[in-house]
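Inside the fold
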Amino acid sequence: MGSPETRRGIGVSPGTAVGPVVQVAPPVRPPADEPPAVTPEAGADAVRAALESVAVELEARAAKADEHAQQILKATALIARDKGLFKAANKQIIAGRGPAHSIAAAIEEYAAQFEALGGYFAERVTDLRDVGSRAVAAVLGVPAPGVPIFDVPSIIVADDLAPAETATLDRALVVGIITEGGGRTSHTAILAAQMGIPAVVQLEGATAIAEGTTVALDGDSGAVTINPDEELLAQQQVRRERRAQAFGSAHGPGATADGHPVALLANIGGVDDAERAGAQDLEGVGLFRTEFVFLSADRAPTVEEQTDIYRRVFAPFGSRRVVVRTLDAGADKPLAFADLGPEENPALGRRGLRLSAERPDLLDAQLEALGIAARETGADVRVMAPMVATAEEAAWFTRRVRENGLPKAGVMIEVPAAALRSAHVLAEVDFGSLGTNDLAQYTMAADRMQGELSDLLDPWQPAVLDVVAAACHGAQHAGRPVGVCGESAGDPLLALVLVGLGISSLSMAPSKVPAVRVALSMHTLAQCQGLAALARDAWDAGQALEAVRTNARAEFTALL
Ligand code: PEP
Ligand code: MG
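So, here's what we can say about the structure. Throughout, residues of each chain are indexed from 1 in the direction in which the sequence is written. For this description, chains carry letters from A and ligands carry numbers from 1, given in the order in which they are written. Local features in this predicted model are restricted to residues whose pLDDT is 70 or higher, and side-chain atom pairs enter the listing and the counts only when it is 80 or higher, whereas totals over whole chains, interfaces and linings include all residues. The basis for every side-chain value is the complete set of heavy atoms in the structure, and neither hydrogens nor water enter the calculation.

On to the state of the cysteines, then. The rule for a disulfide is simple: a pair of cysteine sulfur atoms within 2.5 Å. Enumeration according to the criterion identifies zero disulfides in this entry. No disulfide involves cysteine 485; its sulfur sits 13 Å from the nearest other cysteine sulfur, which is in cysteine 472. Buried residues are those whose accessible area, probed at 1.4 Å on protein chains only, stays under 20% of the maximum for their type, while exposed residues exceed 50% and partly exposed ones sit between those limits. Accessibility expressed as a relative area gives 1% for cysteine 485, which makes it buried. Here cysteine 528 stays free of any disulfide, with the sulfur of cysteine 472 as its closest cysteine sulfur at 13 Å.

Structure below.
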C-alpha cells in the first residue's frame, strides 16, 4: 500500500465514502493484427455467440434495474439481437476479416446509416456503439466495457458515465462515484445526487488509479485521498458523525434564524425518486423533470400512460406541492419522439418550450394527463415551462395550462432574457423557478456538457449572481414568488446567497436538503442579504465563495 495522496475535484453529491476502486472499462477496439476467421462458419458462430452474450448480459441487468433503466437496457439488448446487424457482420467474415473487425465494421456501417436517417435513429448511435464494443470484448475474451459486475461495496471510477449507466447502478454496492470528466450539471452529477451516492467529478488522473486501490472521497469538498491512512479515515468518521448529528437535529419547513420561510423542495425524475423523496422531511417537489421518464421511449406516451405515471408521482406527496416541468426535450436531453431534426447548436435551438410550440400535440397530451392525475389525487400540482425567453411565451403557456383545468402556471427562468425581463415575464404566470444550470451556461456562453469549462460554469460567478439578482428584482416588482431548482440550490453557502437575493424556495436532490436547512437556520435574512452583497461585490467566483465562507457563521462552516 502506498502513502496517502489527496487530490481535489468538484464535489457534486454530498457525503463521504471509502472503498476499493472499480474502474469502468473503456470501449474495446479490435486488435490491428487480428487474423481472419479459421472458416467462415467458425467466424459466423463467434459473431453470433458474442452478440447473443451481449443481449443476455443486458437483459440480466435489466431484470435487476428500476423501471426507467429497464427500458433503456432492453432497447439496447434488442440492437444486439438485430438480424440485420448479424448479416452485416457475416458479410465481413465472408470477405476474410476476423470476428472482432467484422463486428466493428458492421456497427460502423449501421452507425453511418442511423446518422444519415437522423432523429430517433441518430440518437441510438451511442447505444449501437456500446453493443459493438461489448461484442468485440466478448469475442476477444476481455472485460466488457462499462460498469463491471462486482460484489464488494466499491467506488466506481470512470472518465464519465452515460445516463443509463448511472441510472442502473446498484446503490448497495456503489458507495461512491469519481469521474475524470463531467461537470457540476452533467447527468452523472445530477443522477448521483438524486440517488444519494457521494460523488466527485473533474478529478485529474482518476482513470489511472489502479483497480482495487483504496480511496476515500468527500462529495462536499471534492477531496479524494488515494491510500488513506487510519488517521484520515478516523478524521473523516468524526466529521461524518458531527455532520450527521448537526444535520439530523433540524427538522420541518425551511426558515432563516429569524423565521423568514424558504421552502425546501426535492428535484425528482420519476416514480422511484418520488417514492423516496415523499418519505423524507421536505415540503414537496420543486422540479419534476418529466423528460427523464421518457428518455428511452421511442414513441410519444399516450395520455393514459402519462396519467398513470403522474398519479404515482403525486401520491407520495399528499397535499404537499408538486412542481412539474413540461417536457424539456432537446440539447442535453434529446427525446426520440420529440425530435425536429439535426441542428447546428441544439442548446440554442428548438428545445424546451420552443419545441412544445412546434409540437402542441405533445404539450396538450401532457397537460391533459397532468390535469387528470391532479384531480384524481387532489395533489397541489403546479406546472411550469422550460426555456422561456419572452413574456409572450409565458402568456401562451399560461393559457394552455388554464385550458386544461390546471390552476397554477409558472416558468423556468434559465435564459438571461427572461431573467432580465422577469417583471414582465412573471406577470404572465403565478410563479418562477430559476434554472441556474442553464442560466450559468447561457450567461457565461459555456456549454454545460463541457467539463473543461467548469470554472466558467461555476454558479458562484458574480455575473450569474447579478442575473439572479435581476430576476429576483423583477419578481418582486411583479409580486410573484421565485425559487431556484438548479444544482446551486443544494450548495448550502450559495443557498444563503440566493435567499439574500430574494428567492423564496430551494429545490434540490433530497440528499442535500439537511445541510441547507441547517445553514438557513443559523443565519438571519439580513445576514443572508449581507452575504449576497459580498458575493456580488467579488471579483471572481473563487473570491465570491471565499467571501461568503469567511463571513458565514463559523458554527456552520466548521461542518463543511
Ligand atoms: C436548470 O437548467 O438549472 C435546470 C434545473 O434544468 P435542467 O438541469 O434539467 O436543464
Ligand atoms: Mg435547464
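So that's the structure; there's more coming.
Before going further, it helps to examine the coordination of the magnesium ion (ligand 2). With distances of 2.0 to 2.1 Å, the protein atoms coordinating the magnesium ion (ligand 2) are Glu414 (OE) and Asp438 (OD). Here glutamate 414 is found in the loop between strand E13 (408-413) and helix H15 (416-420), whereas its partner aspartate 438 is found in helix H17 (residues 436-444), with 24 residues between them in sequence. Neither residue differs from the other here; glutamate 414 and aspartate 438 are each classed as buried. Any N, O or S atom lying within 2.8 Å of the metal counts as a donor, and for Na, K and Ca the limit rises to 3.2 Å; water is left out, so some sites can look incomplete. Elements are defined by DSSP. Helices are runs of H or I of four residues or more, strands are runs of E of two residues or more, and each kind is numbered from the N terminus.

Near residues are defined by distance, with any heavy atom within 4 Å of the molecule or strand qualifying the residue. The full set close to ligand 1 counts 14 residues, and Arg289, Arg325, Lys333, Asn437 and Arg448 are the nearest of them. Within the contact set of ligand 1, an oxygen atom lies 2.7 Å away from a side-chain nitrogen or oxygen of arginine 289. Throughout this description, a polar contact denotes any pair of N or O atoms lying within 3.5 Å of each other; where both atoms belong to protein, one of them has to be capable of donating a hydrogen while the other can accept it, and for residues adjacent in sequence the pair is counted only when both atoms sit in side chains. One of the side-chain N or O atoms of glutamate 414 is found 3.0 Å from an oxygen atom in ligand 1. With residues, only the protein chains shown are counted as cover, and all accessible areas are computed by Shrake-Rupley using a 1.4 Å probe. Considering ligand 1 on its own, with 290 Å² of exposed area, one finds that the protein chains cover 100% of that surface. Site definitions follow a grid-based scheme: protein atoms alone, a 1 Å grid, a 1.4 Å probe that fits but cannot get out for cavities, and for pockets an open set with protein on both sides within 12 Å along at least five of seven lines, plus lining residues having an atom within 4 Å of a point. Any molecule with more than half of its atoms within 2 Å of a cavity's or pocket's grid points is regarded as sitting in that cavity or pocket. Taking a 2 Å distance to the grid points as the criterion, the majority of the atoms of ligand 1 fall inside the largest cavity. Where the shell around ligand 1 is concerned, the elements lending two or more residues are strand E10 (284-289) and H17. If one sorts the elements of the shell around ligand 1 by residue count, H17 sits on top with three residues. Residues are grouped as follows: Ala, Val, Leu, Ile, Met, Phe, Trp, Tyr, Cys and Pro are nonpolar; Asp, Glu, Lys and Arg are charged; all remaining types, including Gly, are polar. Per-class residue counts for the shell around ligand 1 are three nonpolar, four polar and seven charged.

Grid points are joined across faces, edges and corners, and a volume is the space filled by probe spheres set on the points. Within this structure, the stated rule accounts for four cavities of 30 Å³ or more. Taken as a whole, the largest cavity spans an internal volume of roughly 70 Å³. Taken together, Leu287, Arg289, Arg325, Lys333, Met412, Glu414, Gly435, Asn437, Asp438, Arg448, Cys485 and Gly486 make up the lining of the largest cavity. Of the residues assigned to the lining of the largest cavity, the class counts are three nonpolar, three polar and six charged.

A few words now on the side chain of glutamate 414. A residue counts as positive if it is Lys or Arg and as negative if it is Asp or Glu; His and the chain ends are not included. The salt bridge criterion pairs a side-chain nitrogen of Lys or Arg with a carboxyl oxygen of Asp or Glu, the two atoms within 4 Å. Despite its burial, glutamate 414 remains without a salt bridge, the nearest opposite charge being carried by arginine 325 at 4.7 Å. Residues are treated as being in contact if the distance between any of their heavy atoms lies within 4.5 Å. Non-local contacts of glutamate 414, meaning those with residues more than four positions away in its chain, are made with Pro386, Met387, Gly435, Asp438, Leu439 and Tyr442.

Of note, alanine 25 is situated in the loop between strand E3 (16-23) and helix H1 (40-64). Judged by relative accessible area, alanine 25 falls into the partly exposed class, the value being 24%. In this structure, the C-alpha to C-alpha distance between alanine 25 and alanine 172, residues 147 residues apart in sequence, is 21 Å.

Moving on, we get to the pattern of salt bridges. Oppositely charged side chains are able to pair whenever their charged atoms sit close together. Inspection of the entire model under this criterion finds 31 salt bridges. With a shortest N-O distance of 3.6 Å, arginine 184 and aspartate 458 are connected by a salt bridge. Here arginine 184, found in the loop between strand E5 (174-179) and helix H8 (187-195), pairs with aspartate 458, found in the loop between helix H18 (454-457) and helix H19 (462-478); they are 274 residues apart in sequence, far enough to count as distant. Owing to a relative accessible area of 24%, arginine 184 belongs among the partly exposed residues under this scheme. For aspartate 458, a relative accessible area of 13% corresponds to the buried category. Between arginine 325 and glutamate 291 there is a salt bridge whose closest N-O contact spans 2.5 Å. Linking arginine 325 in strand E11 (residues 321-325) with glutamate 291 in the loop between E10 and helix H11 (303-314), this pair joins segments that are 34 residues apart in sequence. Using a relative accessible area of 2% as the deciding quantity, one classes arginine 325 as buried. By relative accessible area, which is 0% here, glutamate 291 ends up buried. Here the salt bridges share partners, and the residues they tie into one network are Glu291, Arg325, Asp328, Arg351, Asp438 and Arg448.

To continue, consider the packing of H1 against helix H6 (residues 125-140). Each axis is a line fitted through C-alpha atoms, taken for helices only over the stretch in contact, and angles between the N-to-C directions span 0 to 180 degrees. Interhelical geometry of H1 versus H6 gives an angle of 120° and a closest axis separation of 8 Å. In this view, H1 runs oblique relative to H6, as classed from their interaxial angle. Judged by the sense of rotation from one axis to the other, the crossing of H1 with H6 is right-handed. Residue-level contacts link Ala46, Ala50, Leu51, Ser53, Val54, Glu57, Leu58 and Arg61 of H1 to Val131, Arg134, Ala135, Ala138 and Val139 of H6. For classification, angles of less than 35 degrees are called roughly parallel, those exceeding 145 degrees roughly antiparallel, those between 65 and 115 degrees roughly perpendicular, and all remaining angles oblique. Crossing handedness is defined as follows: a turn of the near helix away from the far one that is anticlockwise and smaller than a right angle gives a left-handed crossing, while the clockwise case is right-handed.

Two strands pair under a simple rule: DSSP has to find at least two bridges between them. The eight strands lie next to each other as E1-E8-E7-E3-E4-E5-E6-E2, forming an open sheet whose pairing is mixed. Each edge of the open sheet carries a strand with a single partner, namely strand E1 (5-8) and strand E2 (10-13). When the angles between neighbouring strand axes are averaged without regard to direction, this sheet yields 30°. Relative to E5, strand E4 (residues 154-158) is paired through five bridges, and the arrangement is parallel. Each residue of the ladder has a partner; that of valine 157, found in E5, is isoleucine 178. The strands touched by H8 within the sheet are E2, E5 and strand E6 (199-201), with E2 carrying the most contacts at an inclination of about 50°. Here helix H9 (residues 230-248) sits on the sheet and contacts E3, strand E7 (214-218) and strand E8 (223-226); the angle it forms with E3, its principal contact strand, is near 130°.

Counting buried positions over the six residues of strand E12 (residues 380-385) gives five, a clear majority of the element. Note that E11 and E12 share five bridges and pair parallel. Each bridged residue has a counterpart across the sheet, and for arginine 321 the counterpart in E12 is aspartate 380. Taking the sense of rotation as the criterion, the β-α-β connection linking E12, helix H14 (residues 391-403) and E13 turns out right-handed. Handedness rule for crossovers: strands pointing away from the viewer, path from the first strand over the helix to the second running clockwise, crossover right-handed.

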